[in-house]
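The primary structure of each chain is shown beneath.
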Amino acid sequence: MDDIKAYIAEHRERFIQELIELLKIPSISADSAFSQDIYNAAEAIKKGLSEAGCDHVEICETKGYPIIYGEKIIDPELPTVLVYGHYDVQPPDPLELWETPPFEPTIRTNELHPQGAIFARGASDDKGQVYMHVKALEFMVSKNLLPCNVKFMIEGEEEVGSESLSDFVQENHEKLANDIILISDTGMIANDIPSITTGLRGLSYVEVEVTGPNRDLHSGLYGGAVANPINILAKMIASLHDENNHITIPGFYDKVVELTDEERTAMAKAPFDLEAYKNALDIESVYGEETYSTNERNSIRPTLDVNGIWGGYTGEGAKTVIPSKAFAKISMRLVPDQDWHEITDLFSKHFAQIAPPGVRVKVNPHHGGESYVTPIDSIGYQAASKAYETTFGKVPVPKRNGGSIPIVALFEKELGSKSILMGFGLDSNAIHSPNEHFGIWNFLKGIETIPYFYKFYTEMS
Ligand code: BES
Ligand code: MN
Ligand code: MN
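For every chain, the first residue of its written sequence is number 1, and the numbers climb from 1 along that sequence. Chain A is the first chain written and ligand 1 is the first ligand written, with later ones labelled in order. Residue-level local features of this predicted model are given only where pLDDT is at least 70; pairs of side-chain atoms are given and counted only at 80 or more, and the full residue set underlies all totals for whole chains, interfaces and linings. Computation of side-chain values covers all heavy atoms of the structure but excludes hydrogens and water.

## Focus on the coordination of the manganese ion (ligand 3)
So the rule is basically this: Donor atoms: N, O and S within 2.8 Å of the metal, or within 3.2 Å for Na, K and Ca. Because water is excluded, sites can look incomplete. Comment: elements are numbered from the N terminus, with helices defined as DSSP H or I runs of at least four residues and strands as E runs of at least two.
Bound to the manganese ion (ligand 3) on the protein side are Asp 125 (OD), Glu 159 (OE), Glu 159 (OE) and His 432 (NE2), at distances that span 2.1 to 2.5 Å. Written as a sequence motif, the donor residues of the manganese ion (ligand 3) are D-x33-E-x272-H. Taken as an interatomic distance, the gap from the manganese ion (ligand 3) to the manganese ion (ligand 2) is 3.6 Å; Asp 125 donates to each of them. Separated by 307 residues along the polypeptide, Asp 125 in the loop between strand S5 (113-119) and helix H3 (127-142) and His 432 in the loop between strand S19 (425-426) and strand S20 (437-439) bring together distant segments of the chain.

Structure (structure tokens):
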């Protein structure tokens, strides 16, 4: 495996150029106007996997966007690693905040990325990280160093809830049979503080609608005499947190697993610079649930956040109106052992219950998923840890993350395998935001580290 450094040095420019080509495809799963681009991205992934050395690659159609499945089986007796990732990306808007267009990848350097970073939607989430696995495979196959079997499953609906993938997994237990799932769709603490994600939060996403009068009304003629759905919705949302920033939905915390003092102490040892955190976000103070640290608030504690709120008149100038309706999109991040269906129910019941007379409310559940925790004493984790230690020269810190990859819990339930989250991005990569980027150093470090995971995992199995 030690040839990997030389191999990367030799092929560096080509690796970067290939990733840039992939990033030019606007594979936005949320917007059907881009569906052709999704298919183009799927073809590009298929081609990449074939050229890297998979023996068999297919585009599996689903009722939604296709899943690319690839494999190289060298010996059925050896362990099998299943690599999961996604080729769809988030919508890039607001476009005007991008320094260079989201689908015209551009390399720029900055303080954190003296070697340069590729700026493009999907650079870090998740095309750049998927492509590290493709290039790591290319290296192992071309040098005859692949120590075990490998399967790839790259989907196109992660950013919209992985609905087709969940059917695919349920219907293809045998095809997807594996010993460990390897995923690069998260981040690490810093380039000099490698970390492995040991937990993901679950999610319940709902949309609410509050209806007052049957039409928009003159706010002078009717104002004060009928319920204004926006005023009411604002009040209802405000009531969902108490003065300590605890969520007030009855039963919301019933199944939350509290960490022991030892676990919290261990967690607090992970390097964290509060001043740098605040500076990076231009905020004077952090904010959140009483008695928990920032790192706890954004990883081991559940949350409730409004993602969008609208209604009434928002055009230019003033229009005196009491709107008939108000809307909001609300996400709840969940932790073990909260069940997302149950939380969605609790939310819906509570929301209907706190509505005052004079309005009607509707709650439309969207997608969701369960949280996930990786045990650090598993061989999968140990192999990953040794791989980072080899290439970073430091033992990685285990760290629970606040984001969600809902399909990971389903993998465990359906396929019986654990997932190892070897992410090489940084929180500052601006995933889902304007100016998303991925450090070239991170991209290449991922390619360097992944083959060692295969080696150590196979040796330890
Ligand atoms: N890759 C992210 C999740 C992530 C990023 C986890 C960084 C941990 C660290 C993934 O693509 C994502 O955006 N997930 C969504 C949920 C999904 C159901 C849309 C999320 O977390 O909001
Ligand atoms: Mn992702
Ligand atoms: Mn994402």
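## What about helix H2 (residues 35-52)?
Put simply, the rule is: Residue count minus one, scaled by 1.5 Å, sets the expected span of a helix. Exposure is judged per residue with a 1.4 Å probe applied to protein chains only, and the accessible area is read against the type maximum: over 50% gives exposed, under 20% gives buried, and values in between give partly exposed. Throughout, the arc means the angular range of directions from the helix axis out to the C-beta atoms. By definition in these notes, contact holds between two residues if any of their heavy atoms fall within 4.5 Å.
Here H2 spans 26 Å end to end across 18 residues, near enough to the 26 Å set by a 1.5 Å rise per residue. Three or more residues of H2 are buried, namely Asp 37, Ile 38, Ala 41, Ala 42, Ile 45, Gly 48, Leu 49 and Ala 52. The arc that holds the buried residues of H2, viewed along the axis, is 145 degrees, so those residues lie on one side. The outward face of H2, more than 90 degrees from its buried face, is lined by the exposed residues Gln 36, Lys 47 and Glu 51. Where H2 is buried, its residues touch helix H1 (4-23), strand S1 (56-60), strand S2 (67-72), H3 and strand S6 (149-155).

## Quick word on the domain arrangement of the protein chain
The cut-off we apply is this: Delimitation of the domains relies on an automatic or database domain assignment. Summed over both partners, buried area is the accessible surface (1.4 Å probe) that two parts give up on being assembled. Salt-bridge detection follows one rule: a side-chain nitrogen of Lys or Arg within 4 Å of a carboxyl oxygen of Asp or Glu. Whenever a nitrogen or oxygen atom comes within 3.5 Å of another N or O atom, the pair is scored as a polar contact, on the condition that within protein one atom can donate a hydrogen and the other can accept it, and that pairs from neighbouring residues in sequence are kept only if both atoms are in side chains. For this scheme, ten residues count as nonpolar: Ala, Val, Leu, Ile, Met, Phe, Trp, Tyr, Cys and Pro. Four count as charged, namely Asp, Glu, Lys and Arg, and the remainder, Gly too, count as polar.
Examined at the domain level, the protein chain breaks down into domain 1 (4-200 + 371-460) and domain 2 (202-256 + 302-369). The C-alpha-based centres of domain 1 and domain 2 are spaced at 36 Å. Between domain 1 and domain 2, the contact holds ten residues from the first and nine residues from the second. In this assembly, domain 1 packs against domain 2 so that about 630 Å² is buried in total across both faces, 55% of it on carbon and sulfur atoms. Our count for the domain 1 to domain 2 interface comes out at zero salt bridges. Counting the contacts that link domain 1 with domain 2 gives two residue pairs in polar contact (both at pLDDT 80 or more). Taken together, the residues that form the side of domain 1 that touches domain 2 break down as four nonpolar, five polar and one charged.

## Some words on the coordination of the manganese ion (ligand 2)
To keep it simple, the criterion reads: When four donors show all angles between 85 and 135 degrees the site is tetrahedral, when four or six donors have opposite pairs over 155 degrees and all other angles between 65 and 115 it is square planar or octahedral respectively, and in every other case it is irregular.
The manganese ion (ligand 2) binds to the protein through His 86 (NE2), Asp 125 (OD), Asp 185 (OD) and Asp 185 (OD), with metal-donor distances spanning 2.0 to 2.5 Å. In this structure, the manganese ion (ligand 2) is surrounded by six donor atoms whose angles at the metal cover 56 to 166 degrees, and the resulting shape is irregular. The sequence motif formed by the donor residues of the manganese ion (ligand 2) is H-x38-D-x59-D.

## Observations regarding the site of ligand 1
Threshold: The criterion for a residue being near a molecule or strand is simple. One of its heavy atoms has to lie within 4 Å of it. Each accessible area is a Shrake-Rupley estimate made with a 1.4 Å probe; only the visible protein chains count as cover when residues are assessed.
As a structural note, the neighbourhood of ligand 1 is formed by 16 residues, with Glu 158, Asp 185, Arg 333, Ser 404 and His 432 the closest of them. One of the side-chain nitrogen or oxygen atoms of Asp 185 is found 2.8 Å away from a nitrogen atom of ligand 1. Computed on the free molecule, ligand 1 has an accessible area of 520 Å², of which 89% lies beneath the protein chains in the complex. Of the residues that constitute the shell around ligand 1, the class distribution is four nonpolar, seven polar and five charged. Counting contributing residues, the shell around ligand 1 receives three or more from each of domain 1 (4-200 + 371-460) and domain 2 (202-256 + 302-369).

## Topic: the side chain of Ser 324
Here Ser 324 shows up in the loop between strand S13 (321-322) and strand S14 (325-334). Sequence-distant contacts of Ser 324, that is, excluding residues within four places in its chain, are made with Val 210, Thr 211, Gly 212, Pro 213, Asn 214, Arg 215, Asp 216 and Pro 229.

## Some remarks on the nonpolar core
Worth spelling out the cut-off: Here, nonpolar core means buried Ala, Val, Leu, Ile, Met, Phe, Trp, Tyr and Cys residues that are tied together by side-chain atoms lying within 4.5 Å of each other.
If you look at the biggest cluster of nonpolar residues, it comprises 65 residues, and the most contacted ones within it are Val 81, Tyr 87, Met 422, Phe 443, Phe 453 and Tyr 454. Mapped by element, the contributors of at least two residues to this core are H1, H2, strand S3 (80-86), H3, S6, strand S7 (180-183), helix H10 (379-392) and helix H12 (440-460). The greatest single-element share of this core, amounting to ten residues, is contributed by H12. If we skip the residues at most four places from it in the chain, Met 422 touches Gln 129, Leu 182, Ile 183, Ser 184, Thr 186, Ala 384, Ala 387, Tyr 388, Thr 449 and Phe 453. By size, the runner-up hydrophobic cluster in this structure holds 25 residues, among which are Ile 232, Leu 233, Ile 247 and Trp 340.

## Considerations on the layout of surface pockets
Rule in force here: Computed over the protein atoms alone on a 1 Å grid, cavities are sets of points where a 1.4 Å probe fits but cannot get out and pockets are open sets with protein on both sides within 12 Å along at least five of seven lines; a residue lines them when it has an atom within 4 Å of a point. Grid points are joined across faces, edges and corners, and a volume is the space filled by probe spheres set on the points.
Space inside the second largest pocket adds up to approximately 510 Å³. If you go around the second largest pocket, you meet 18 residues; those closest to its centre are Thr 198, Glu 263, Met 267, Pro 398 and Arg 400. When contributions to the lining of the second largest pocket are tallied by element, the ones reaching two or more residues are helix H6 (261-268) and strand S17 (397-400). It is S17 that contributes the most residues to the lining of the second largest pocket, four residues altogether. For the lining of the second largest pocket, the per-class residue count stands at eleven nonpolar, two polar and five charged.

## Structural notes on a nonpolar patch on the surface
Going by this rule: Nonpolar side chains (Val, Leu, Ile, Met, Phe, Trp, Tyr) within 5 Å and like charges within 9 Å form the patches, drawn only from residues with over 30% relative accessible area and no salt bridge.
A cluster of nonpolar side chains, contributed by Leu 221, Tyr 222 and Val 226, occupies part of the molecular surface with about 280 Å² of accessible area. Structurally, Val 226 is set in the loop between strand S11 (217-218) and helix H5 (229-238). When its relative accessible area of 34% is taken as the criterion, Val 226 is described as partly exposed.

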